[in-house]
Amino acid sequence: LDTVRENKKGAKISSYEKRHPAHTQDIANVLLDMSNQLADLPGGIYQWSGEEKVSKWDIVQLISQQLNLPINHLEEVAGPAAGAGVPRPRDVEMDRSKLTERGIRHHTDFKTGFMKSLQPFL
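Heads up: these notes are all about the structure in this document. Quick caveat, the model's predicted, so the values are computed rather than measured. (Residues numbered from 1 in each chain as written. Predicted model: local features only at pLDDT ≥ 70, side-chain atom pairs only at ≥ 80, totals over all residues. Heavy atoms only, no water.)

### Brief notes about helix H2 (residues 24–36)
So, step 1. In this model H2 runs 18 Å from its N-terminal to its C-terminal C-alpha over 13 residues, within 8% of the 18 Å that 1.5 Å per residue would give.
So, step 2. For H2, every residue scored as buried is listed here: Asp26, Val30 and Met34. All buried residues of H2 project into a common sector of 75° when viewed along the axis, lining one side. With respect to the buried face of H2, the exposed residues turned more than 90 degrees away are Thr24, Leu31 and Asn36.
So, step 3. Of the surrounding secondary structure, the elements contacted by the buried residues of H2 are helix H4 (97–100). (Helix = DSSP H or I, 4+ residues; strand = E, 2+ residues; numbered from the N terminus. Expected span 1.5 Å × (residues − 1). Buried < 20%, exposed > 50% of the residue type's maximum accessible area, 1.4 Å probe, protein only. Arc of directions from axis to C-beta. Contact = heavy atoms within 4.5 Å.)

Encoded structure:
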């Protein structure tokens, strides 16, 4: 949010790396559903991530559109970050199938959840 608001200071924003953000209420509901099935839940690792694929650039564009703020001071970086040390993964989607096969699935669309989460800072 600050990066978009501070329009006198440029920044490079990645559209290359994709994230799958999950709303905290969705995660809480997944955990509640898992606890309700605990007696029948096989051991192992269970993963959850949001269903929508977004980049930091996508988020900047959403903030710009929703709050009517310019982003002409920001530069989209469409490829891997050069000289950033350890390469970052391009797509960090997790395999939700162990949960969805058990009927556990909660999803708040990104735009709604993100903008609601931003409200206290506006």
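### A short note on the environment of Asp91
So, step 1. Tracing the backbone shows Asp91 in the loop between strand E2 (74–77) and H4.
So, step 2. Along the sequence, Asp91 and Ser64 sit 27 residues apart, while their C-alpha atoms lie 24 Å from each other.
So, step 3. Of the polar contacts made by the side chain of Asp91, one reaches the side chain of His20; its length is 2.7 Å.
So, step 4. At 3.0 Å, the side chain of Asp91 and the backbone nitrogen of Glu93 are in polar contact. (Polar contact = N/O pair within 3.5 Å; in protein donor to acceptor, adjacent residues only side chain to side chain.)

### Some thoughts on the packing of helix H3 (residues 56–67) against helix H5 (residues 110–118)
So, step 1. At a minimum axis distance of 11 Å, the contact between H3 and H5 shows a crossing angle of 70°. Classified by the angle between their axes, H3 and H5 sit roughly perpendicular to one another. Between H3 and H5 lies a crossing of right-handed hand. Judged by residue contacts, Ile59, Leu62, Ile63, Gln66 and Leu67 of H3 engage Phe110, Lys111, Phe114, Met115 and Leu118 from H5.
So, step 2. Taken together, the residues of the contact of H3 with H5 sort by class into eight nonpolar, one polar and one charged. (Axes fitted to C-alpha atoms, helices over the stretch in contact; angles between N-to-C directions. Parallel < 35°, antiparallel > 145°, perpendicular 65-115°, else oblique. Left-handed = near helix turned anticlockwise from the far one by under 90°. Nonpolar A, V, L, I, M, F, W, Y, C, P; charged D, E, K, R; others polar.)

### With respect to the environment of Ser55
So, step 1. Of note, Ser55 is situated in the loop between H2 and H3.
So, step 2. Judged by relative accessible area, Ser55 falls into the buried class, the value being 1%.
So, step 3. Distance from Ser55 to Arg19, taken between C-alpha atoms, is 5.9 Å for residues 36 residues apart in sequence.

### Some thoughts on the packing of aromatic side chains
So, step 1. Here the structure, examined in full by the defined rule, presents one aromatic pair.
So, step 2. We note Lys98 situated over the ring of Tyr46; from NZ or CZ to the ring centre the distance is 4.3 Å. (Phe/Tyr/Trp six-rings, centres within 6.5 Å; stacked < 30°, edge-to-face > 60°. Lys NZ or Arg CZ within 6 Å of the ring centre and 35° of its normal.)

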